[in-house]
Amino acid sequence: MKTVKVKQKKTEKRDVAGIIIGILFFMMLAAVIYYVADMLVIAREVNMQNISGDWHQTKEVGENRTEHWVFTPDGLASYYVINNKTKTREDEKNYTYTLEPPEEGKTHPIIRVVPTGVRKSEQEAGTMDIRVSRVTKAEMTVEFIYNRFNTKTTRLTKDLF
């Protein structure tokens with residue numbers, strides 16, 4: 001007697017709907033990853049358009065005040081503090097700003113902010129430099145240079161939604 005091997009035909013149908021849903025899922029996942037990378041990871045050139053917007057310092061847990069910087073593309077800036085308990089603005093100041101190329105030996109450009117609406121002597125005393133080391137669409141790493149010996153490095157963020 002001879003043994004005959006018989007191959008069975010595949011009678012299962014392909015799950016076309018599952019394949020389409022899987023492809024759509026991976027497309028959505030790729031879009032979300034690109035969106036997050038575009039907002040937080042991909043660095044931009046430091047120019048007036050890329051720094052325009054309402055930037056605020058990331059507040060720490062239990063902090064009562066949040067500092068805000070608002071830059072416009074036409075060279076105007078304003079500073080204010082929001083009291084997180086009462087949601088009121090405090091300490092509002094208006095500035096004009098210029099974007100200056102990096103100093104010799106430095107790699108990062110400087111935003112020079114000059115107060116407006118004050119006397120000349122107060123204007124010179126209130127002038128401050130902000131060295132920008134990195135800008136994305138939602139985050140800016142800066143160093144506030146108040147004077148030669150007083151600086152503060154921080155991260156400013158912009159609301160995504």
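## Topic: the environment of V16
- Tracing the chain through its elements places V16 in helix 1 (residues 16-41).
- What makes V16 exposed here is its relative accessible area of 53%.
- Through-space distance from the C-alpha of V16 to that of A31 is 23 Å; in sequence the pair is 15 residues apart.

## Quick notes on the nonpolar core
- Membership of the largest hydrophobic core comes to 20 residues, with the highest contact counts inside it found for W69, F71, I111, V113, I130 and M140.
- For this core, the leading source of residues is strand 6 (residues 128-135), giving four residues.
- In this structure F71 touches I51, S52, G53, W55, L76, A77, Y97, I111, I130 and M140, once residues within four positions along its chain are discounted.

## Regarding the side chain of T66
- Along the chain, T66 falls in strand 2 (residues 65-71).
- A distance of 3.1 Å separates a polar atom in the side chain of T66 from a polar atom in the side chain of N84.

How each quantity is defined
Residues numbered from 1 in each chain as written. Predicted model: local features only at pLDDT ≥ 70, side-chain atom pairs only at ≥ 80, totals over all residues. Heavy atoms only, no water. Helix = DSSP H or I, 4+ residues; strand = E, 2+ residues; numbered from the N terminus. Buried < 20%, exposed > 50% of the residue type's maximum accessible area, 1.4 Å probe, protein only. Core = buried A, V, L, I, M, F, W, Y, C linked by side-chain atoms within 4.5 Å. Contact = heavy atoms within 4.5 Å. Polar contact = N/O pair within 3.5 Å; in protein donor to acceptor, adjacent residues only side chain to side chain.

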